[in-house]
Amino acid sequence: MRHLRALCAIADTGSLRKAARQLGMTQPSLTTQLRRIENTIGGRLFSREVTGSRPTPLGRSVLCRARPIVAEMNALLSEVRLEAGQTADARLRVGSTGSRAVVGWLRRLRDRYPDADTTIHIDVSANALLQMVAANQLDVAFVHEVEGAPLRVPEGVERRVLVEREPQFVALAETHPAAARPTVRLADLAADQWMVDPSVDGEGPGLRRVLAAAGLNPRVVYGDYLTAADLVASGEVVTPCQPTARSRQGVAVRPLHGDPLTVRLFLASRVAPAARTGAAGRAPDMALPADTEATGPDDPGTVPGAPLDVDALFGDLADAYFEIAWAGSAYRQWLVRNESPLLRSHEPRARDALDVLGLAGPAEVS
């Protein structure tokens, strides 16, 4: 079963690296496991391409047999655990792409559901998280979608938009000439080497589209954002980054002039049965009240005793995100200048702090 689950994960994510993260193992371990499986079967199951791993004809044949077996085993385990009374403990399973707001969100969720076993699954791939929500492996997932590179939202998954259009800043060396300016233009970085993480869905194509629109063609290389700080500090590369990112030693985080790189932030959850069948007046992406969980109140992934309140989880996320966003001076000023909906949802706190910026309020900022 472990081998079959591994094959399904590689096929679903299209990447050994993403599949390893989903399975909670290292990429070398998964590569070794795949090699053993292929040696046992006697043929290659995946072709390794620049864009990822794709099933070979033999692989597709094996997957056609493997998927029903994995599904049946999942159903068997759920039924046995239910009969054995092992679902009495509440579980809340949340997922997220990398965000500094996750810590505050988890703290609020644990205050809301003190008796629940709340777990977090972090993955740089938003598409992988959306698939996990659709497959009932996660209850909700907080993800970002790069403008111009839409995510593949599975059927039965709805979205609650937190920020419709959030700017991406740039991380560059403190010694870079552009770091002395409060706002950086793309043209200031025309001679620099950009780095993107290929595991972040849409990041590479989104950056290339923006650079091409600006008439620029700098070299773009691939790397891991988790280990990029040293390369940025040394001046080897510049990278896009979230506006909530902290400046590290030797690294400056600056807004980009005109906000050419943007993302949409949203919370994904499974659609309630009424919405799934086309309840009158409901649009697919509207924030629906979570009256009933799609899998029923006895599902082991929900908090027993009451349906999962996705609206409350979304409110906790909004509070946690505003807390992080408001803490950074550059992003705080951007929120005020652009009259962000995040400010409207936290009006008293935001207005009390505007004097720190020397601003009277969002409406008075040019």
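Residues numbered from 1 in each chain as written. Predicted model: local features only at pLDDT ≥ 70, side-chain atom pairs only at ≥ 80, totals over all residues. Heavy atoms only, no water.

S.K.: Before we move on, can you summarise the overall build of the chain with the specific residues and values?
M.R.: Summing up its helical and strand segments, the chain has 13 helices and twelve strands in all. Across the 366 residues in the chain, those meeting the buried criterion constitute 48%. Contacts in the chain between residues far apart in sequence, at least 24 positions, make up 70% of those at least 6 positions apart. (Helix = DSSP H or I, 4+ residues; strand = E, 2+ residues; numbered from the N terminus. Buried < 20%, exposed > 50% of the residue type's maximum accessible area, 1.4 Å probe, protein only. Contact = heavy atoms within 4.5 Å.)

S.K.: Quick rundown of the environment of Trp105? Include the residues and the values.
M.R.: When you line up the elements, Trp105 lands in helix 5 (residues 102-112). Note on Trp105: relative accessible area 0%, which makes it buried. For the pair formed by Trp105 and Ala320, sequence separation is 215 residues and the distance between their alpha carbons is 5.2 Å.

S.K.: Mind laying out the sheet that holds strand 12 (residues 262-270), listing which residues take part and the relevant values?
M.R.: Spatial ordering of the open sheet is given by 4-3-5-12-6, a layout of five strands whose pairing is mixed. Here the strands that pair on one side only, and so sit at the sheet edges, are strand 4 (117-122) and strand 6 (157-167). Averaged over all pairs of adjacent strands, the angle between their axes in this sheet comes to 20°, without regard to strand direction. Pairing of strand 3 (residues 91-96) with strand 4 involves six bridges; the strand directions are parallel. Looking at the pairing, Arg93 lines up with Thr119 of strand 4. Its contacts with the sheet put helix 6 (residues 126-134) on strand 3, strand 4, strand 5 (140-146), strand 6 and strand 12, and the angle it makes with strand 5 is roughly 145°. Of the strands in this sheet, strand 3, strand 5, strand 6 and strand 12 are in contact with helix 10 (residues 310-327), which crosses strand 6 at around 15°. (Pairing = 2+ DSSP bridges. Axes fitted to C-alpha atoms, helices over the stretch in contact; angles between N-to-C directions.)

S.K.: Any details on the pattern of salt bridges? Residues and values, ideally.
M.R.: Enumeration according to the criterion identifies 15 salt bridges in this entry. Arg67 is the partner of Asp12 in a salt bridge, and the nearest nitrogen-oxygen pair spans 3.0 Å. Of this pair, Asp12 sits in helix 1 (residues 2-13) while Arg67 sits in helix 4 (residues 57-83), placing them 55 residues apart in sequence. By sharing partners, the salt bridges in this structure join Arg93, Asp139 and Arg270 into a single network. (Salt bridge = Lys/Arg side-chain N within 4 Å of Asp/Glu carboxyl O.)

S.K.: Account for the nonpolar core, naming residues and giving values.
M.R.: Soluble, globular proteins show a tendency: their nonpolar side chains are buried together. Formed by 47 residues in total, the largest nonpolar core has its most connected members in Trp105, Phe142, Leu162, Leu267, Tyr321 and Leu335. The element that contributes the greatest number of residues to this core is helix 10, accounting for eleven residues. Judged by nonpolar contacts, the second largest core, of 18 residues, contains Val170, Leu172, Ala178 and Leu207. (Core = buried A, V, L, I, M, F, W, Y, C linked by side-chain atoms within 4.5 Å.)

S.K.: How would you sum up the pairing of strand 6? Please name residues and give values.
M.R.: Counting buried positions along strand 6 gives eight out of eleven residues, so the element sits mostly inside the fold. As paired elements, strand 6 and strand 12 share eight bridges and run antiparallel to each other. In the sheet register, Val163 faces strand 12, and the bridge partner there is Leu265.

S.K.: Tell me about the packing of helix 5 against helix 10, and please be specific about residues and values.
M.R.: Relative to each other, helix 5 and helix 10 sit at 140°, their axes nearing to 8 Å. Judged by the angle between their axes, helix 5 and helix 10 are oblique. Along this stretch, helix 5 crosses helix 10, giving a crossing that reads as right-handed. The segment helix 5 lies against helix 10, with Gly104, Trp105, Arg107, Arg108, Leu109 and Arg112 engaging Ala312, Leu313, Asp316, Leu317, Asp319, Ala320 and Glu323. Taken together, the residues that form the contact of helix 5 with helix 10 break down as six nonpolar, one polar and six charged. (Parallel < 35°, antiparallel > 145°, perpendicular 65-115°, else oblique. Left-handed = near helix turned anticlockwise from the far one by under 90°. Nonpolar A, V, L, I, M, F, W, Y, C, P; charged D, E, K, R; others polar.)

S.K.: So, the packing of aromatic side chains: which residues are in play, and what are the values?
M.R.: Applying the stated criterion across every chain yields a total of five aromatic pairs. Here Phe142 and Tyr321 contribute two aromatic rings whose centre-to-centre distance is 6.0 Å and whose plane-to-plane angle is 75°, an arrangement assigned as edge-to-face. Highlighted residues: Phe142 in strand 5 and Tyr321 in helix 10, separated in sequence by 179 residues. This pair shows no difference in class: Phe142 is buried, exactly as Tyr321 is. Ring plane angle 85° and centroid distance 6.2 Å describe the contact between Phe169 and Tyr331, whose orientation is recorded as edge-to-face. Linking Phe169 in strand 7 (residues 169-173) with Tyr331 in helix 11 (residues 329-337), this pair joins segments that are 162 residues apart in sequence. Each member of the pair, Phe169 as well as Tyr331, is classed as buried. Members of the aromatic cluster, connected to one another through ring pairs, are Trp105, Phe142 and Tyr321. Its guanidinium or amino end placed over the ring of Phe266, Arg159 lies 5.7 Å from that ring's centre, counting from NZ or CZ. Lying across the ring of Trp326, Arg332 places its NZ or CZ 5.8 Å from the centre. (Phe/Tyr/Trp six-rings, centres within 6.5 Å; stacked < 30°, edge-to-face > 60°. Lys NZ or Arg CZ within 6 Å of the ring centre and 35° of its normal.)

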